[in-house]
Amino acid sequence: MRRFGRTEGPGAGEPGAGVTVREVEAVIAGMRFSCAGLPALARREDEDAQWALAVAQSLRRASGLGLPFAFDGFEVDSGHHFYGLNTRLVNGLSACVHLGSGGYHVRCVLDRPEGRHALIYRVVRETQGCVEHMGRTVSAERAFALASGLADPQGKGEAMAREFARCLSDLPCERMTCEGIESLYARFACISDDRDGADVVSEDSARRHAIATQLVRLVGDGSSSAHHPLMKALIALQMTLMLHPFAVANPFMARLLFAWAANDGGVPLVAYMPMMGFLRRWSMGGSGSDDSRLPQVSDKDAVVRGESGADWTLWFEETVDFLARELRGFAEKALGMHMRRERMAYLIGQDESLNARQRAVLLEALVHDDAEFTYAGLSERFDIAYATAYADLGRLEDLGYLRAEPKGKTTVFTAESQLRSRLHERLRTIAPDAYARFYGPDGRLLDERRRERTRAIEELIHSTPALRRLADFEWPRYNLARSKVILSSFEG
């Protein structure tokens, strides 16, 4: 059996027995599916085990992909940090691409108010996460008020938080460029209280430009040797956090560049997943690491540093798994809200005492308890007279569905706190058969319907309606070989 001597591989010239090729193969085979056991291997005190790991990591680095996480003062270096693809990471990336692109049905839901509300909620969460990453705190209510313009920012930190929320809500549609990055950064730099915005932008601009150039090359690389699109977004995030190219608002910029790269890579929903909140769960500086910038996952090092460099495979495994879970939960929530809307629209339609406008308002009030309705708004939406809008909203107030509150010179109608119970009670009375198809006497969705909803959501998540339509088409009953138009269109 051939052995790796101390004259071969890492640590050449040091005393001690070599390790066999089989031992090295065993270490590499153990990381074929996941690197979850890598931290434990790195902490073993057995000398031969450490040598086997060192040789294996040297080989893995040679076949892995470099990461631009170091800067030598002139350019970004991808030679020290690396990761390798394995089964867990590849499957996680596949799940994220499938779910992160939105899918036909999820995109339809996002066009509805509840879909947009779900995205706004995630913008607020990420605003909180970035603020906390900077060592401050902000409540969800305050973050929402800042993002929506309901409150004015108090100080530079809140002004930057508001700017971040606005940027995340309106991501660039064009490809990432150095000029675009500079323009994005200028929006935060000009908020600085103690220095002029132009001075902040020009501070260490050569270093920032070098890092931005590498970012643009990374995200825009379309070659066969390029990183996976989702990996590009994650690399952009961690690269910005580690190299800290921006004098102010670096966490905000890191998160926005992640979102920009995800959007550019065809997985737009990934841009709204709570990455900063996820990173905040991790302690920095692993027990086996001398670098405080390297993160941990619970009690194990997420990044394993050795003579061959820093192996980030486990970090990417954990992060991609998290994104896949979040994306699936988002899809389930969005589709569940859509199915509830369709179910209640059917039941409310059973109340023939309400006209179509009143049913529409009632449905929105039920689905969105924060919805507000006014006479002027209803008149404009349905193109009806002011008196008709007055009668419509008054009728819903009389039934106990809405409550009226004066606000300045107008009256605002919102959902009553007992809207759901009152509506269900009325539906049980006026349409008992239709109601019993979905709900029990206690107002809870029937178990059978819950199971059907679960199955339907699963099918919708995995459906590809465009391909299913193509699978059913019929060939034209002509001589295709004679059709120059069809054949030339494919050849051209």
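Residues numbered from 1 in each chain as written. Predicted model: local features only at pLDDT ≥ 70, side-chain atom pairs only at ≥ 80, totals over all residues. Heavy atoms only, no water.

Time to look at the pattern of salt bridges. Tallied over the full model, the rule gives 17 salt bridges. Among the charged side chains, a network of salt bridges with common partners joins R88, E317, E318 and D321. (Salt bridge = Lys/Arg side-chain N within 4 Å of Asp/Glu carboxyl O.)

Take the packing of aromatic side chains next. Scanning all chains against the criterion turns up 13 aromatic pairs. Taking the centre distance of 4.9 Å and the plane angle of 45 degrees together, the rings of Y185 and F246 count as tilted. Residue Y185 is located in helix α9 (residues 178-189), and its partner F246 is located in the loop between α12 (229-243) and α13 (250-264); the two are separated by 61 residues in the primary sequence. An identical accessibility class is assigned to Y185 and F246; each is buried. Members of the aromatic cluster, each reached through a chain of ring pairs, are F69, Y83, W312, W315 and F316. The ring of F71 carries the charged tip of R207 above its face, separated from the ring centre by 5.1 Å. (Phe/Tyr/Trp six-rings, centres within 6.5 Å; stacked < 30°, edge-to-face > 60°. Helix = DSSP H or I, 4+ residues; strand = E, 2+ residues; numbered from the N terminus. Buried < 20%, exposed > 50% of the residue type's maximum accessible area, 1.4 Å probe, protein only. Lys NZ or Arg CZ within 6 Å of the ring centre and 35° of its normal.)

Core analysis: the largest hydrophobic core is formed by 91 residues, its most contacted members being I181, F252, M275, W312, F316 and L323. Among the nonpolar cores identified, the runner-up in size contains 31 residues, and L347, L393, F413 and A415 belong to it. (Core = buried A, V, L, I, M, F, W, Y, C linked by side-chain atoms within 4.5 Å.)

Let us look at the environment of R403. Residue placement: R403 occurs in strand β11 (residues 402-407). Judged by relative accessible area, R403 falls into the partly exposed class, the value being 32%. Non-local contacts of R403, meaning those with residues more than four positions away in its chain, are made with V412, F413, T414, A415, E416 and S417. Only 3.0 Å separates the side chain of R403 from the side chain of E405, close enough to count as a polar contact. (Contact = heavy atoms within 4.5 Å. Polar contact = N/O pair within 3.5 Å; in protein donor to acceptor, adjacent residues only side chain to side chain.)

Attention shifts here to the side chain of R60. On the secondary structure map, R60 appears in helix α3 (residues 47-63). Residue R60 is classed as buried on the basis of its relative accessible area, which comes to 12%. Within the structure, the side chain of R60 is placed 2.7 Å from the side chain of Q57, a separation counted as a polar contact. For R60, the residues in contact, after removing those within four places along its chain, are M31, C35, F82, G84, D311 and T313.

Moving on, we come to the packing of helix α6 (residues 113-133) against helix α7 (residues 140-148). Remark: α6 packs on α7, axes separated minimally by 9 Å, with the N-to-C direction vectors making an angle of 110 degrees. Overall, the two elements α6 and α7 adopt an arrangement that is roughly perpendicular. Both α6 and α7 take part in a crossing whose hand is right-handed. Along the contact surface, α6 presents I120, V124, T127 and Q128, while α7 presents A140, A143 and F144. (Axes fitted to C-alpha atoms, helices over the stretch in contact; angles between N-to-C directions. Parallel < 35°, antiparallel > 145°, perpendicular 65-115°, else oblique. Left-handed = near helix turned anticlockwise from the far one by under 90°.)

Another point: a nonpolar patch on the surface. Residues I120, F144 and L150 make up a contiguous nonpolar surface patch of about 310 Å² in total accessible area. Along the chain, F144 falls in helix α7. Note on F144: relative accessible area 39%, which makes it partly exposed. (Patch = residues over 30% accessible without salt bridge, like charges linked within 9 Å, V, L, I, M, F, W, Y side chains within 5 Å. Areas by Shrake-Rupley, 256 points an atom, 1.4 Å probe, with all protein chains shown as cover.)

Moving on: the pairing of strand β12 (residues 410-415). With six bridges connecting them, β11 and β12 associate as antiparallel partners. Bridge pairing links K407 to T410 in β12. Hairpin remark: β11 followed by β12, antiparallel, with two residues in the connecting loop; positive phi at G408, about 70 degrees. (Pairing = 2+ DSSP bridges.)

Next up on the list: unusual backbone geometry. Its identity as a non-glycine residue notwithstanding, A249 has a phi of 60 degrees, on the positive side. Among the structural elements, A249 can be located in the loop between α12 and α13. Take A249: its relative accessible area is 3%, and that puts it in the buried class. In this model, D383 sits at a positive phi of 55 degrees, which is unusual for a non-glycine residue. Among the structural elements, D383 can be located in the loop between α17 (375-382) and α18 (386-398).

This part covers a positive patch on the surface. On the surface, K333, R340, R420 and R428 cluster together to form a positively charged patch. Elements with a contribution of two residues or more to the positive patch: α15 (313-348) and α19 (419-430). By the element assignment, R428 lies in helix α19. (Lys, Arg positive; Asp, Glu negative; His and termini not counted. Charge placed at Lys NZ, Arg CZ, Asp CG, Glu CD.)

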